[in-house]
Amino acid sequence: FRQIKQAFNRPVALTAALLAVGAHIGNSALNIIASRHFITEVGWDKKAYTLLESSVTFFSLGGAFIGGFVASLLGAKRSVVLSGSLIALVWIIFSRLESHWSEEWLVRTNMCVLATLLGLFTVSLFTLFMNVSDRRVAASQFTAYMALMNLSMFTGNKLAGPLEATLPSVPAAYLVSGIFHLGVMAFVILAIKPPQNPPELPPSPTGGS
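J.: Please set out the layout of surface pockets residue by residue, giving values where relevant.
T.: In this model, the largest pocket occupies a volume close to 570 Å³. Around the largest pocket sit 29 residues that line it, and Asn27, Asn31, Leu114, Ala115 and Leu118 are the ones nearest its centre. Counting residues per element, the ones that place at least two in the lining of the largest pocket are helix H3 (25-42), helix H4 (46-55), helix H5 (57-74), helix H6 (76-95), helix H7 (104-132) and helix H8 (138-166). A total of 10 residues in the lining of the largest pocket trace back to one element, the largest contributor, which is H7. Looking at the lining of the largest pocket, its residues break down into 19 nonpolar, nine polar and one charged.

J.: Now, about the nonpolar core: what can you tell me, with residues and values included?
T.: Counting 51 residues, the largest nonpolar core has Leu19, Phe38, Leu125, Phe129, Tyr145 and Tyr174 as the members making the most contacts within it. Of all the elements in the fold, those that place two or more residues in this core are helix H2 (11-22), H3, H4, H6, H7, H8 and helix H9 (170-191). Sorting elements by how many residues they give to this core places H7 first, with 13 residues. Excluding residues that lie within four positions of it along the chain, Phe38 makes contacts with Gly43, Trp44, Tyr49, Phe94, Trp101, Val107 and Tyr174.

J.: Which residues make up the packing of helix H1 (residues 2-9) against H2, and what values do they have?
T.: Two elements in contact, H1 and H2, have axes separated by 5 Å at closest approach and are oriented at 80°. Judged by the inter-axis angle, H1 sits roughly perpendicular to H2. Contacts from Ala7, Phe8 and Asn9 in H1 reach Pro11, Ala13 and Leu14 in H2. Each residue belonging to the contact of H1 with H2 can be placed in one class, and the counts come to five nonpolar, one polar and no charged.

J.: Explain the packing of aromatic side chains residue by residue, including any values.
T.: The full count for this structure, using the stated rule, is 11 aromatic pairs. Here the aromatic rings of Phe38 and Tyr49 are separated by 6.0 Å at their centres, their planes lie at 20°, and the arrangement is stacked. In this pair, Phe38 sits in helix H3 while Tyr49 sits in helix H4, placing the two residues 11 residues apart along the sequence. Ring-pair connections join several aromatic residues into one group, and the members of that group are Phe38, Trp44, Tyr49, Phe94, Trp101 and Tyr174.

Definitions and cut-offs
Residues numbered from 1 in each chain as written. Predicted model: local features only at pLDDT ≥ 70, side-chain atom pairs only at ≥ 80, totals over all residues. Heavy atoms only, no water. 1 Å grid on protein atoms, 1.4 Å probe; cavity = no way out; pocket = protein on both sides within 12 Å on 5 of 7 lines; lining within 4 Å. Points joined across faces, edges and corners; volume = space filled by probe spheres on them. Helix = DSSP H or I, 4+ residues; strand = E, 2+ residues; numbered from the N terminus. Nonpolar A, V, L, I, M, F, W, Y, C, P; charged D, E, K, R; others polar. Core = buried A, V, L, I, M, F, W, Y, C linked by side-chain atoms within 4.5 Å. Buried < 20%, exposed > 50% of the residue type's maximum accessible area, 1.4 Å probe, protein only. Contact = heavy atoms within 4.5 Å. Axes fitted to C-alpha atoms, helices over the stretch in contact; angles between N-to-C directions. Parallel < 35°, antiparallel > 145°, perpendicular 65-115°, else oblique. Phe/Tyr/Trp six-rings, centres within 6.5 Å; stacked < 30°, edge-to-face > 60°.

This is the structure in structure tokens:
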């Protein structure tokens, strides 16, 4: 427990925890808002929309697979910023296309692109959290980050209703979520500084490696 406390006392560990809390708020809120809007307002069949949401899981898996290579090539932090910024831009662009939301191809394309980017984003976050975890308590610290990401999704779900009630339209929800997510990416750029090299394990009492 002392080592876990020491691990989270590091500035990079605390800023990574804040990132975990903010990472999925926008996406979780939009999932609920969009589902309700496209079924009740745009006129999508509930079964067809639910099936579409399930089918894009394959795109998310593809994005996750690509994310491992991208994180290795660019580094975890750059991969997080790249994928997160693209997600925000897709939301912002989609918010300006409301007049075409009744076109099925646009909604399908938007969901497939977002699923791919979210898969890439999630794996990039995993890599970043592993990089900033103290090797002495890496498993416990990484698990804590996963719990905070679950908290992020829970928070987004809870904010969906108030957000939809406060904003003038669903496109505005997409726009605000995109701007918020860009703010989260700016926080990553400015505040999170992963260690260049993982901390060394302390020597064992017997002097072995």
